[in-house]
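# Examining the three-dimensional arrangement
So you can see what is in the structure, the chains are spelled out below.
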Amino acid sequence: MFEVFFIHVNEKVSLTDREKDTVKTFFIPKKLRKKQYLLQEGDLCKYLAFVENGLLRSYNVDDKGYEHMIQFAWEGWWISDTYSFLSKEAASYNIDAIEDAELLLMSHDHFEEMMIKVPKMERYFRILFQNNIISKERRLLSSITYSAEEKYTKLVSNNPQLIQRIPQNLIASYLGITPETLSRIRKNLLLRS
Amino acid sequence: MGYKSSVAIIGATTTLGNVLVKSMASDYRLLLVDINERKLKILRAELQNLSSNTEVELSYSCKDACWEADVIILAVACDEQASIALSLKEVATCKTIINITTSETRFYELQHILPYSNLVNVLVLGKTYSILHQLGNNECKNKEAIETVYHMLNTSGFIYNTKNIDLE
């Protein structure tokens, strides 16, 4: 149940078996079925979620009912509405499962308690948040400066297997383009290759 | 709008389980577990006839149902509780488990089996219920778990007995 999690943690910090046993006691094992919600906009985001298995998405729905993808999270990724989780204010995002998923959930209180009882995890989360900031800066730069085709090409090269798992309309939403534009891009790339 | 919590009810077709299932079906997504497959299917059909909005899943695996659940209710005979608790131990960490019992004798055993769950033992006598508190380290300190119990049982038609029972 914690296999992927500890592989991920091990990349950043080295935990003893005793520390691993302690860490496990702070997580809620949770299974989600495809299309089931983990979080709905307006509710309070109570958990950080680590994906052991499956695929989730976070998104926002605008006034016209269009969904805007914020993030995808697959095996080894964390997903949450971080602002709601930390500030304890209403969530801006929805989070649901694109595939059946196995998650490890951590509440705010357990997050704080775990940092005290297993101090190495503070380093782990510090590195995690650093990487998250870098990733968001890159995505912001990409959205401002790259063409639609460049954005798509970069996404595919960074996540080739993931592209097969996500419906095209969701990929288009994530890139900020229409499904028709994405379809045209893919066709052009195919003709050129 | 709002996230609908998933509640696993182990022993869904017992007398007590049946009452809980029917009263909770409109507010929660239910995962029903029982060894009697025939009665489970009858129960699901009854619920679907009551309302088309009910979300009810049948499960023949305690572990799988509890893995999906946010809250777990044990509505089984005392002599089955320990073995069931062992089967779902791995997926019950940090979850609220409501042990509905007519006897407090198994309290210590369950707490020992599920040390990292928010275990709330509820003694039911007729239509009234009391929360069993154990003095000392094993007391359920999670206020949210206790409030969940109040909410679930009060809306199920049970009457809270304000005299809580402290176990030595």
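Please read these numbers as outputs of a predicted model, since none were measured by experiment. (Residues numbered from 1 in each chain as written. Chains lettered and ligands numbered in written order. Predicted model: local features only at pLDDT ≥ 70, side-chain atom pairs only at ≥ 80, totals over all residues. Heavy atoms only, no water.)

### Overview of the sheet that holds strand β2 (residues 37–39) of chain A
Residue and element names in this part refer to chain A.
- What the four strands build is an open sheet, ordered β2-β7-β4-β5; its pairing is antiparallel. Both edges of this open sheet fall to β2 and β5 (67–73), since each of them pairs with a single strand only. Neighbour-to-neighbour, the strand axes of this sheet turn through a mean angle of 30°, independent of strand direction.
- Across the sheet, helix α8 (residues 168–175) lies against β4 (56–61) and β5, angled at about 100° from β5, the strand it touches most. (Pairing = 2+ DSSP bridges. Helix = DSSP H or I, 4+ residues; strand = E, 2+ residues; numbered from the N terminus. Axes fitted to C-alpha atoms, helices over the stretch in contact; angles between N-to-C directions. Contact = heavy atoms within 4.5 Å.)

### Let's talk about the side chain of Q36 of chain A
- Along the chain, Q36 of chain A turns up in the loop between β1 (28–32) and β2.
- At 2.8 Å, the side chain of Q36 of chain A and the backbone nitrogen of R33 of chain A are in polar contact.
- Once residues lying within four places of it in the same chain are set aside, the contact partners of Q36 of chain A are I95, D96 and A97 of chain A together with S6, R29 and E68 of chain B. (Polar contact = N/O pair within 3.5 Å; in protein donor to acceptor, adjacent residues only side chain to side chain.)

### Let's talk about the interface of chain A and chain B
- Taken residue by residue, the interface counts 19 residues in chain A and 19 residues in chain B.
- In this assembly, chain A packs against chain B so that about 1700 Å² is buried in total across both faces, 54% of it on carbon and sulfur atoms.
- For the chain A face of the interface with chain B, the top three residues by lost area are M1, K31 and R33 of chain A, together amounting to 32%.
- The tally of links between chain A and chain B comes to four salt bridges.
- Notably, a salt bridge pairs E57 of chain B with R33 of chain A, separated by 3.2 Å at the nearest N-O pair.
- On the surface where chain A and chain B come into contact, there are six residue pairs in polar contact (both at pLDDT 80 or more).
- Elements supplying a minimum of two residues to the side of chain A that touches chain B: β1 and β2 of chain A.
- Counted by class, the side of chain A that touches chain B contains seven nonpolar, four polar and eight charged residues. (Buried area = accessible area lost by both parts, 1.4 Å probe. Salt bridge = Lys/Arg side-chain N within 4 Å of Asp/Glu carboxyl O. Nonpolar A, V, L, I, M, F, W, Y, C, P; charged D, E, K, R; others polar.)

### Things to note about the sheet that holds β1 of chain A
Residue and element names in this part refer to chain A.
- Here four strands make up an open sheet; going across it, the order is β1-β8-β3-β6 and the pairing antiparallel. One side of each edge strand has no neighbouring strand; the edge strands of this open sheet are β1 and β6 (78–79).
- Of the strand pairs in this sheet, strand β3 (residues 47–53) and β6 are connected by two bridges, and their pairing is antiparallel. Within β6, the residue paired with A49 across the bridge is I79.
- Lying over the sheet, helix α1 (residues 3–10) contacts β3, β6 and β8 (101–107), oriented at roughly 105° with respect to β3.

### Digging into the nonpolar core
- Judged by nonpolar contacts, the single largest core of 64 residues is most densely connected at F5, L56, M121, Y124 and F125 of chain A.
- Broken down by element, this core gets its largest block of residues, five residues, from β8 of chain A.
- Membership of the second largest hydrophobic core comes to 30 residues, among which are L20, Y28, V124 and A145 of chain B. (Core = buried A, V, L, I, M, F, W, Y, C linked by side-chain atoms within 4.5 Å. Buried < 20%, exposed > 50% of the residue type's maximum accessible area, 1.4 Å probe, protein only.)

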